[in-house]
Amino acid sequence: MERDQLLGMIKEEQAKNGSVSDGAMAHIAQTLHLPIGNVYGVTTFYSFLSTRPLGRHVIHICKSVPCFLQNGAMMAAAIEKELGISPGETTSDGRFSFELTNCIGACDQAPAMLVDDEVYGDLTPEKIGEILKSFE
Amino acid sequence: MPEKKILTKNCGKIDPGDVSTYEAEGGFKALEKTLRISPEEVIAEVKASGLRGRGGAGFPCGAKWELARKSKGDEKVLICNADEGEVGTFKDRYLLQHDPFSLMEGMAIAGYAIGAGKGYIYLRSEYHYLLEGLQKAIDQSKEKGYLKDLEIEIREGAGAYICGEESALMNSIEGKRGESRFRPPFPPESGLFEKPTIINNVETLVNVPHIIQNGSEWYGAMGTDESKGTKLFCVSGDVARPGVYEMELGCDLKELVMDLAGAKEIKMIQVGGSTGGIIPSDMLSTPLAYETILGSGAVMVFDQTRDVVDFTYRTMEFLNEESCGKCTPCREGTEVMVGVLGRLVNGEGVDGDMEVLEELSDTMKLSALCGLGQTAPVPVLDTLKYFRKDYENRISQSVFLRSLKTVNG
Ligand SMILES: Cc1cc2nc3c(=O)[nH]c(=O)nc-3n(C[C@H](O)[C@H](O)[C@H](O)COP(=O)(O)O)c2cc1C
Ligand code: FES
C-alpha cells in the first residue's frame, strides 16, 4: 500500500468508529510504513476528522457569510437549545455532536446544515427540531 | 441580456443517473469528433476559443494543456478540481448533481489532448452525497466505451478550504497535509507524484465539449475581448431568488442581482467568494468578466441593513481558520487582522487601526506563498476604500465608549 491511501484509510476509520484513536493511528502508520507523526499530522489537518470520540450523528451548521445573512446564528442557537450543548460538544447520551463549519456549498438554500452526509437547507428553528427527531 | 443556457442546457432535462438520456441530447458527440483529430488540433481549438479557468484564477486553458502535452514524461495526470470550498459558490455542485456526464466527456477530451491515462476527481467531503451519482456516471460512461483511455478515480477531501488550491490539493491526494507548495515547478511540468499534471475546475472541463462540438469561432463570439463564453454565477445573500444563473461573460451585475435574482436596496456586493472584490451600490452596472471582477462566480448581495465591518471580520475569521499555516505572512497576517477587526467590532478600536490593516495588506499581497494569503486582504482594502466612514465610525464609537468608562471610574 502506498502513502496516497493514507487519507482514505483515516476516513474509513472515522466512518467505522466515529473518530480516529491513537491506536488506530498507530495501526495505519504501521500498515503504510510511515512515522506515526505523519498520520497524526494529516488527521489533525482536516476539520471533518476527529481524534476525540464523536456522537452517533454529527451536525455541521454552516456559519459562513451567506448563511449568516439568512439568520444562521439563530439556527446554531436553536440547536444549542434543543440539545443543551455548545459547538464542539457531544450530548451525554452520545446521540449528537454539534460543530460549526464553513460554507458547505448550499448557500442557495441558506441557512443550511449537514447531518452526517445529508444536507438540510432553508432551515428554521422548528424545522431543525423536526429533523433532529428523525435521528436515533 | 437574459440567461444563456449552454453548460446548463441539460440540467433538469436529462436523468443524471442514466447515460442514454445524455446521449439522446447529443452527448459524447464532441468526444467522437475529438478522436478523429489529433491532440494538437484539440489544443489549438481550445486555445483559439479563449477559454479561461473557471476555478477563480482565470488561466488560459489551452495554453496550460499545451505545456502539459509538451512536458516530458510518459505518464501524465488529469485532475478535476471539485473541491468548491469558496464561500458562496455552488455551481460545480449544480453541474455534478444535474449533468455529471458533461464532466465525463470534458475529462475524456482533456485526457486525450494532454495524453493522460489517469484522471482524478477531487471531491470535497461536504459533497459526499454526490459521490454515488458521480461514481455511477463514471461506470456508465466506461461501460459505453467513452473512457477507454482514461481511468477516472474519485478522491475525497476531509474538510479544508485550502485543498481547493491546486498545490495543496495534490499534497492532499498524495496523503500529506494539505499545505500549499512552493512554485516552480508548476504542475504541467511536475505535479501529482512529480508527474506532469493538469488541474482544471469542473466548470472549465464542462465547457470543453461545447467548444469542440461547435468550434472556437462560435464560442469566441460570446463574451468580451478577454472573457469568452458563458459563466455560471452563484447568487446568494439578500436576494429573493438565490441560485445558479448562466450568463454570457460581460453581462451586467445589476441585471443579474436585481432583475433575475430580485435584490432590493443593495448596499454592496462581493463577487468571487471570500477573497473577492467589493462593488458598492453606485457601481452596480459593472460588467462581470475577467478584466473587471469575476473570481469563482460567487455573487453575495448585502442590503442596506448590513454592517460592513461585521462582514469583513467574519470573512477574515474564515480565512484565518482556513489558512494552512505554512507561510508566515498568511498565518500571522490573517491572525492579526482578525484581532484588529474583532477589536473594531467589539467597540475597542484605536486610532491607527485602519493604517495597520493597510500596511499588513501590502505585506501579505507581496509575500504570501499562495493565492489565499495574497488575496485575503482584498475585502479589507475594498471595504476601506468604499466604506471608510464605517470604519471611522467604529473607531470614534470605541473612543467614546472608553471615555465613558473613564468618567464612571
Ligand atoms: C485558497 C484557494 C482555494 C481554491 N479553491 C478552488 C476550488 O475549490 N475549486 C477550483 O476549481 N479552484 C480553486 N482554486 C484555484 C486552483 O488553485 C486552480 O487555479 C484551479 O483549480 C485551476 O483550474 P482552472 O484553470 O480550470 O480554473 C483555489 C485557489 C486558492 C488560492
Ligand atoms: S454559506 Fe452556508 S452553505 Fe454556503
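Residues numbered from 1 in each chain as written. Chains lettered and ligands numbered in written order. Predicted model: local features only at pLDDT ≥ 70, side-chain atom pairs only at ≥ 80, totals over all residues. Heavy atoms only, no water.

The subject of this paragraph is the domain arrangement of chain B. All names here are of chain B. Under the domain assignment used here, chain B contains domain 1 (19-220), domain 2 (230-303) and domain 3 (308-408). Put simply, the middle of domain 2 and the middle of domain 3, counted by C-alpha atoms, are 24 Å apart. If you look at the interface, domain 2 gives eleven residues, while domain 3 gives 15 residues. A salt bridge links D390 to K267, with the shortest nitrogen-to-oxygen separation between them at 3.8 Å. At the surface where domain 2 touches domain 3, the tally comes to two residue pairs in polar contact (both at pLDDT 80 or more). Those elements that provide at least two residues to the side of domain 2 that touches domain 3 are strand 8 (266-271) and strand 9 (277-280). (Domains from an automatic or database assignment. Contact = heavy atoms within 4.5 Å. Salt bridge = Lys/Arg side-chain N within 4 Å of Asp/Glu carboxyl O. Polar contact = N/O pair within 3.5 Å; in protein donor to acceptor, adjacent residues only side chain to side chain. Helix = DSSP H or I, 4+ residues; strand = E, 2+ residues; numbered from the N terminus.)

Let's shift gears to the site of ligand 1. Residue and element names in this part refer to chain B. Surveying the vicinity of ligand 1 reveals 19 residues, the closest of which are G55, N81, N200, N201 and T204. At 3.2 Å, a backbone N or O of R54 approaches an oxygen atom of ligand 1. Between ligand 1 and E166, the relevant distance is 3.0 Å, taken from an oxygen atom to a main-chain nitrogen or oxygen of the residue. In isolation ligand 1 exposes 610 Å². Once the protein is present, 89% of that is buried. Where the shell around ligand 1 is concerned, the elements lending two or more residues are strand 4 (197-201) and helix 15 (371-375). Per-element tally for the shell around ligand 1: the top contributor is strand 4, with three residues. A class-by-class count of the residues in the shell around ligand 1 yields four nonpolar, nine polar and six charged. (Near = heavy atom within 4 Å. Areas by Shrake-Rupley, 256 points an atom, 1.4 Å probe, with all protein chains shown as cover. Nonpolar A, V, L, I, M, F, W, Y, C, P; charged D, E, K, R; others polar.)

Another point: the sheet that holds strand 9 of chain B. All names here are of chain B. What the five strands build is an open sheet, ordered 6-5-11-8-9; its pairing is mixed. Looking at which strands have only one partner, the edges of the open sheet turn out to be strand 6 (243-248) and strand 9. Strand-to-strand twist of the sheet, defined as the mean angle between neighbouring strand axes without regard to direction, takes the value 30°. Across the face of the sheet, helix 12 (residues 308-322) comes into contact with strand 8, strand 9 and strand 11 (298-303) while running at roughly 20° to strand 8. The strands that helix 16 (residues 378-386) touches are strand 8 and strand 9; relative to strand 9, the one it contacts most, it runs at about 25°. (Pairing = 2+ DSSP bridges. Axes fitted to C-alpha atoms, helices over the stretch in contact; angles between N-to-C directions.)

Moving on, we get to the environment of B:I6. Residue and element names in this part refer to chain B. Turning to its location among the elements, I6 is positioned in the segment before helix 1 (19-24). For I6, a relative accessible area of 12% puts it in the buried group. Once the C-alpha coordinates of I6 and V206 are considered, the two residues, 200 residues apart in sequence, prove to be 9.8 Å apart. Contact partners of I6, with chain neighbours within four places excluded, come to H210, W218, M222, T230 and E246. (Buried < 20%, exposed > 50% of the residue type's maximum accessible area, 1.4 Å probe, protein only.)

The subject of this paragraph is the environment of B:P196. Residue and element names in this part refer to chain B. Inspection of the secondary structure assignment puts P196 in the loop between helix 8 (166-173) and strand 4. C-alpha of P196 to C-alpha of S71: the two residues are 125 residues apart in sequence and 6.5 Å apart in space. Apart from the residues within four sequence positions on either side, P196 is in contact with S71, K72, E75, K76, V77, P187, P188, E189 and G191.

This paragraph deals with empty space enclosed by the protein. All told, the structure shown has two cavities of 30 Å³ or more when counted by the stated rule. Taken as a whole, the largest cavity spans an internal volume of roughly 110 Å³. Along its surface, the largest cavity is lined by A:K63, A:S64, A:V65, A:N102, B:V87, B:Q270, B:S274, B:M300, B:R314, B:T315, B:E317 and B:F318. The element that contributes the greatest number of residues to the lining of the largest cavity is helix 12 of chain B, accounting for four residues. Lining of the second largest cavity is provided by B:I162, B:S180, B:S323, B:C324, B:G325, B:K326, B:C327, B:C330, B:L369, B:C370, B:L372 and B:G373. Residue classes in the lining of the second largest cavity are distributed as seven nonpolar, four polar and one charged. (1 Å grid on protein atoms, 1.4 Å probe; cavity = no way out; pocket = protein on both sides within 12 Å on 5 of 7 lines; lining within 4 Å. Points joined across faces, edges and corners; volume = space filled by probe spheres on them.)

A word on the confidence of the model for chain B. With 99% of its residues at a pLDDT of at least 70, chain B reaches an overall mean of 97. The ipTM value of the predicted complex is 0.97, and its pTM value is 0.97. (pLDDT = per-residue confidence, 0-100.)

Moving on to the interface of chain B and chain A. On the chain A side, the residues contacting the 46 residues of chain B number 32 residues. For the pair chain B and chain A, the summed buried area comes to about 3,100 Å², and 55% of that belongs to carbon and sulfur atoms. Contact with chain A buries surface across chain B, with B:A158, B:R177 and B:R314 losing the most and accounting together for 19% of the total. Remark: the boundary between chain B and chain A carries three salt bridges. The shortest N-O distance in the salt bridge between A:D4 and B:R155 comes to 2.5 Å. (Buried area = accessible area lost by both parts, 1.4 Å probe.)

All names here are of chain B. Taken in spatial order, the four strands of this open sheet run 3-2-1-4, and their pairing is parallel. Of all strands in the sheet, those bounded by a partner on one side alone are strand 3 (151-156) and strand 4. For this sheet, the mean inter-axis angle between neighbouring strands, taken without regard to orientation, is 20°. With seven bridges connecting them, strand 1 (residues 76-82) and strand 2 (residues 116-123) associate as parallel partners.

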